[in-house]
Every structure is written in structure tokens, then in C-alpha cells.
Amino acid sequence: MRTQVGIVGAGPAGLMLSHLLHLEGIESVVLEARSRKYVEERVRAGVLEQGTVDLMIDTGIGDRLQREGLLHHGIELSFLGRRRRVDLTELTGGKSITIYAQHEVIRDLIRARVAAGGQIIFEADQATVHDVNSASPRIRFRSPEGQACELKCDFIAGCDGWHGVCRSSIPEGALACYERTYPFAWLGILAQAAPATEELIYTYHPRGFALFSMRSPEVTRLYLQCAPEEDLANWPDDRIWEELRTRMTCADGWAPNEGEILQKGITDMRGFVVEPMQHGRLFLAGDAAHIVPPTGAKGLNLAIADVHVLARALAAFIKQGRRELLDRYSEICLRRAWKVQRFSWWMTSMLHCFPDDSGFDRRRQLAELDYVTTSRAALTSLAENYVGLPME
Ligand code: FAD
Ligand code: DHB
């Protein structure tokens, strides 16, 4: 088999890259370890930045997003039992965010690729990348039927997420890794309950952070700060609701609506960046190159921003023989990635309880929340990061 760009991973990064390359007239093949059903149902992110939404609409895959996505013009920060609103749209000259589940983005992208005759090989097992320093790198894998296959490419895009193989196929000496682990995790649930208010609420509470979000007019999404490597077995439904009520109930009586819990999961909190994001003809994008803690809802959006740059860079090289953008791919993406890392770290630090926090730290956090929600300068900084920095 042969293609111009071999893409490992059918997450948001890999599928969007394949879609953008197709619009440039460049052929690609996507190899995905899991089944189509699995990736189309995997519950993850839910907040799309303005730039991600614009890109989906501008490239012809935004119809369902525009019909079913929930447009949000603000978020709320809650502390000491009171909520304060951040008017995202007013503070950013008209920008907003849209609530639309990551697996819906995946469905839209897969449908568009399949309709355009694009090739996605699901259940491609044991992928390994070879000869990335040559002009014809290759990906070896096993087909769903167990047959050994080889895909010859001009370029390889490693879009295989945090646990993927592409990053680790780069020789150790060629990469620098920067990492921060956080001493807590998030327990997330989806509940069959109408959202009790229209906008997201980030809550600071002495027992730990909590987040109110949603997926549709019938489904609420909630998260609780919990211990790292927490065992879900310790969290029967009643305990989850009691903890959410304790942390989230406001002085005015507001609390999330409750209902059947449809799904539960634990998310680790980590910041990680690899430098550079390219080696020979292998280019890393999305979670394969960097992870941010989820506070601030940035991971998916950062993955989309990477492949936006990569698609343009590959097109400039393949169609016009210009290699400047491709050479600068890593530099361009890392500039944005570190700003997003900073924002996610800042939101995480402001809103979570750390195990060794003293009374001093807690008062400092409350002072920061008070400042951030009353200073126009601070509100503007939060808002412009939250709706998303420019793609490049
Ligand atoms: P992935 O989505 O991880 O996709 C990688 C793909 O590669 C997967 O399909 C995987 O199966 C496949 N793969 C892996 N190894 C191989 C292999 N060897 N061969 C073939 N295929 C392979 N981000 C936001 O922007 N907003 C949010 O609100 C948000 N909330 C989140 C909430 C939770 C609970 C979690 C867990 C994450 C959240 N994120 C959020 C982060 C976001 O989900 C990720 O950053 C995003 O999925 C990254 O996309 P990606 O395409 O780089 O990687
Ligand atoms: C959601 C996830 C986040 O990480 C966040 O900051 C806001 C919302 C969500 O899944 O809805």
C-alpha cells in the first residue's frame, strides 16, 4: 500500500488532518487501533473553542454542530457559595464557545472522510513506524484479519494520543520531555438530568474542585476532584451525588439536577510537552505531543490547532515545494502549546485543593478568584484564553 501521508490514530487530530489534507487534494490513510464503534462512542471532551467551531463550519463539517451544539456566551466561577459570571462574548469582542461532545466531532469527521472516499483502517493492530529519516517512511501493522501489512508514505503523522507508539519511536536523545503531574484526578459522570442552569460552573470548595457542564438539554456532565488513581468502586452513585451537592450547592439554593448516572470515569491530571514535535518525516500532533490538565477544556482544541498548522505546512511542501513551514512546524505549534499549558496550569492551580495547602494558600486562592472575577483586565485575560488563542 502507498499514500502521501500515513496517519496513525483516528482521534480528533488524525481525522481532522485527513479531512484538511483531502481539501488540499492530498491523499492520506488513517490507521486506528480501535473499532469505529469504540471511537464514535468514547466519552471525552465537550467544549469547542471559537476557532475549532469556525474551522469545522468553514471546511464543510459544521452542519450538525450548528444544529445541535449549545452556544455559550459565558461561564461562571463559584466560590464561598456564590457564583460570578465571566461574560466571554462581551470581553472578547463577540467570541463564544460551543458545547458539542468530542465523539460527535469524531462521528462528523468519519462520515465526511468516508463520504469523500477517504481510507480509515479501523482495528489496525501493532502499528510501528520505520525509516522516518528517509524520503519514504513506512508504517507496518496487522490488518483486522491479522495479515501483516506495510503502508509506504511520503510523511507520517503521529496522531495516536498519549499512549501511542509514534512518540516512543523517536530516539530518546532527539527529544526533550517536560512534565508535571498533579496530585489529584477528576471523577466525571454523565447523568440523565436536564442541566440546572445554562452555563458551565467551575467551583472552588475546601473539599475540592467541582465542575458543572452538560451535553444536551437532557444530559448533565459533572466532574469532582478526587485522589489520584482513585478506584471507581469507592464511588457508588449516592456518594457521588452527596459530594457534588456538598461542593456545588450555592447560597441561593442552586444545585445540579440529579438523575440516573449513565457513565463514570476517572481522568488523570498531567501537563506534558515533547520538544521538538517532529523528527525527520514524522510529525507528532495532539496528545501524542502534549497533554494538558482538563481544567480549561483545551486538549481537543490544541490537537485541532496542531493539525491546522500541519495540513498547511504539508500542502506548501507537497504542492509548491516550499519547506519553510514544515521546518518550523514544531516551533509554531509549541509557541501556542506552551501558552495553553500555562493557562491550564493556572486554572488548575486556582481552583483545586492541593494536599499540602496551608491556610495561607487557601486565602491566596480566594483572593485570586475575587480578583479574577472583579478586575476587567483579569477577566479579559481569562476570557481570551478560554474562547481560544488564535490558531497560529
Ligand atoms: P486521541 O483522542 O487520544 O486519539 C488518538 C487515537 O489514536 C485514538 O483513537 C487511539 O485509539 C489511537 N491509537 C493509539 N495508539 C495507536 C496505535 N498504536 N495504532 C493506531 N491507533 C492508535 N479537551 C478539550 O479540548 N475540551 C474538553 O472539554 C476536554 N475535556 C476532557 C475530558 C476528559 C474526561 C478527557 C479524558 C479529556 C478531555 N479533553 C478535553 C482532552 C481531549 O479529549 C484530548 O486532548 C483529545 O482527545 C486529543 O485528541 P488526539 O486526536 O490528539 O488524541
Ligand atoms: C468539560 C470538560 C472540561 O475539561 C472543562 O474544563 C469544561 C467542560 C466537559 O466535558 O463538558
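Above this text is the structure in question.
Remember, it's a predicted structure, so these values are computed and weren't measured experimentally.

Caption draft 1: Focus on the site of ligand 2. Near ligand 2 you find 14 residues, and of these Y202, S213, R215, Y223 and P294 are the closest. G296 places a polar main-chain atom, nitrogen or oxygen, 3.3 Å from an oxygen atom of ligand 2. When the free accessible area of ligand 2 is taken as 290 Å², the share hidden by the protein chains comes to 96%. Of the residues assigned to the shell around ligand 2, the class counts are eight nonpolar, three polar and three charged.

Caption draft 2: Region of the structure containing unusual backbone geometry. Cis geometry is found at the peptide bond from E275 to P276, where omega equals -5°. Mapped onto the fold, P276 is located in the loop between β17 (260-275) and β18 (278-279). Unusually for a residue other than glycine, L80 sits at a positive phi of about 50°. For L80, the position within the fold is in the loop between β5 (74-79) and β6 (82-87). A relative accessible area of 62% places L80 in the exposed class. We note that E123 has phi near 55°; this positive angle belongs to a residue other than glycine. Relative to the helices and strands, E123 is located in the loop between β8 (119-121) and β9 (125-130). What makes E123 partly exposed here is its relative accessible area of 45%.

Caption draft 3: Fine view of the packing of helix α8 (residues 299-320) against helix α10 (residues 329-351). At their nearest, the axes of α8 and α10 sit 10 Å apart, and the two run at 160° to each other. Considering the angle they form, α8 stands roughly antiparallel to α10. The handedness of the crossing between α8 and α10 comes out as right-handed. Within the contact between the two elements, α8 uses N301, L302, A305, D306, V309 and L310 and α10 uses Y329, I332, C333, R336, A337 and V340. For the contact of α8 with α10, the residue count by class is nine nonpolar, one polar and two charged.

Caption draft 4: Quick peek at the packing of aromatic side chains. Summed over the entire model, instances satisfying the criterion amount to 13 aromatic pairs. Of the aromatic side chains, those joined through ring pairs into one cluster are W186, Y202, F209, Y223 and Y386. Directly above the aromatic system of W235 lies the positively charged group of R239, at a separation of 3.6 Å from the ring centroid. The ring of Y386 is capped by K298, whose NZ or CZ atom sits 5.5 Å from the centre of that ring.

Caption draft 5: Here's a closer look at the nonpolar core. In this structure, M16, L17 and I139 are the most contacted members of the largest nonpolar core, which totals 73 residues. In terms of residue count, the dominant contributor to this core is α8 (eleven residues). Apart from residues no more than four positions distant in its own chain, M16 is found in contact with L55, M56, I61, L109, I304 and V307. One finds A191, F212, M248 and F343 within the second-largest nonpolar core, a separate group that totals 52 residues.

Conventions we followed
Residues numbered from 1 in each chain as written. Chains lettered and ligands numbered in written order. Predicted model: local features only at pLDDT ≥ 70, side-chain atom pairs only at ≥ 80, totals over all residues. Heavy atoms only, no water. Near = heavy atom within 4 Å. Polar contact = N/O pair within 3.5 Å; in protein donor to acceptor, adjacent residues only side chain to side chain. Areas by Shrake-Rupley, 256 points an atom, 1.4 Å probe, with all protein chains shown as cover. Nonpolar A, V, L, I, M, F, W, Y, C, P; charged D, E, K, R; others polar. Helix = DSSP H or I, 4+ residues; strand = E, 2+ residues; numbered from the N terminus. Buried < 20%, exposed > 50% of the residue type's maximum accessible area, 1.4 Å probe, protein only. Axes fitted to C-alpha atoms, helices over the stretch in contact; angles between N-to-C directions. Parallel < 35°, antiparallel > 145°, perpendicular 65-115°, else oblique. Left-handed = near helix turned anticlockwise from the far one by under 90°. Contact = heavy atoms within 4.5 Å. Phe/Tyr/Trp six-rings, centres within 6.5 Å; stacked < 30°, edge-to-face > 60°. Lys NZ or Arg CZ within 6 Å of the ring centre and 35° of its normal. Core = buried A, V, L, I, M, F, W, Y, C linked by side-chain atoms within 4.5 Å.

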